[in-house]
Every structure is written in C-alpha cells, then in structure tokens.
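Residues per chain are reported as follows:
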Amino acid sequence: MAKAPQPKGKTPEAEEPQDAASGADAPKKKKFSGKKLVLFVVLPVILLGGGGGAAYFMGFLGGAKAEETAHAEAPAETGPSVYYDMPEMLVNLVTTGKKPSYLKLKVSLELKDEEASKQVDAVLPRVVDSFQVYLRALRVEDLQGSAGILRLRQELLTRVADAAKPAEVRDVLFKEMLVQ
C-alpha cells in the first residue's frame, strides 16, 4: 500500500492530539497585570470615594454645608403670627382652546404682628391688583402638581411682600383653590 502524501513540515506525531497535561499548547489563564488592576479596580474606587467625599462636604449629601443652610433658612420666630384673610379672587386663566378656564382662590397671609396687619389693610387694593395681574397670566398647566403650587405660593409671597412694605409677610397660606 502506498502512503498518502503528507503535507510538508508535518509528521504523523504532530497530528496526534496532545493531552491537557502536556503544557506547551494548553490555554493559559489570563491574570490581571499590575497596571490593569490599578486602572480598572483601584482608580475607580479612589475616584468614587473622592467624589462622594466632595459631595458630602459641599452639601449634596447632607454634609456640613447642608446643615448650615438648613439653619440659615429656618425663619426666626419672634412671636405669635397674625393671620390676615384676603378677599376671594376669581380670575380667568390663559387658555388655547375656546372654553375658558377659571381660578378661584382664597388665601390668608401670615404676618409678623398686628401692626403689619394694619399696614396690609392700608395697601390692600395694591396687593389685590398685584395678585390679579399675576394670576391672569397663568395657564392651567402652571398650576398642576405640587411644584406648580409651590411656585404660585412663592410668587404671591414675593408680590405681597413688595406691595406691603415695610410690613413683614411671613407666608401665603391657601384656604381654597379651585381650577375649573
């Protein structure tokens, strides 16, 4: 019998499979080199830790600055408040459709003392006008959600504080609000 021609450079022994115990061609387990370990493990841990520490001290995570601002924002209570009931307001809101929308609003003002109540009473037409001008420019979308209500409260407080100077107005309290 004639032997089949062998490809050049290969012998029959080369075609036999080698077992895993003979180590020359066995796959090696890859290990992290020192540089890769530092780059992919140690460096991100250090960066995250440093960023977290910076956020804590800057007040984003309730650190020292957040405590300072919480104390600074707390109103200085000097005595019992006086409440002043504003007249009920009914205004139409800006709409894009043909059907009009209305806002019915009853608010009370929290004032510093009885003297501030007299000062607000003296300039009440100016306060009502300021409220009316602002409220008539609102859309229904501006009043949706708690963020819209908080924004409305802040705007009304700013306007009444400007109109009633030098009276100290501490807060605007909603008694009734109806959007229809």
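Look above for the structure.
Student: Please clarify how the nonpolar core should be interpreted in this entry.
Tutor: Proteins that are soluble and globular tend to have nonpolar side chains buried together. Of all hydrophobic cores here, the largest spans 28 residues; its most connected members are M86, L109, F131, L135, L156 and V160. Once residues lying within four places of it in the same chain are set aside, the contact partners of M86 are V107, L109, L124, V127, V128 and F131.

Student: Looking at this structure, I do not really get the pattern of salt bridges. What am I missing?
Tutor: Any two side chains of opposite charge can pair, so long as their charged atoms come close to each other. The full count for this structure, using the stated rule, is 12 salt bridges. With its nearest N and O atoms 3.9 Å apart, the salt bridge here joins E141 to R139. Salt bridges here are not isolated pairs; linked through shared partners, they connect E88, K104, K106 and E176.

Student: Is there a simple way to think about helix α6 (residues 145–163) in this case?
Tutor: Along an α-helix, residues three or four positions apart point the same way, because every turn accommodates 3.6 residues. End to end, α6 covers 27 Å across 19 residues, agreeing with the expected 27 Å (1.5 Å per residue, within 8%). In this structure, the buried residues of α6 make contact with β3 (101–111), α5 (124–136) and β4 (169–179).

The rules behind the values
Residues numbered from 1 in each chain as written. Predicted model: local features only at pLDDT ≥ 70, side-chain atom pairs only at ≥ 80, totals over all residues. Heavy atoms only, no water. Core = buried A, V, L, I, M, F, W, Y, C linked by side-chain atoms within 4.5 Å. Buried < 20%, exposed > 50% of the residue type's maximum accessible area, 1.4 Å probe, protein only. Contact = heavy atoms within 4.5 Å. Salt bridge = Lys/Arg side-chain N within 4 Å of Asp/Glu carboxyl O. Helix = DSSP H or I, 4+ residues; strand = E, 2+ residues; numbered from the N terminus. Expected span 1.5 Å × (residues − 1).

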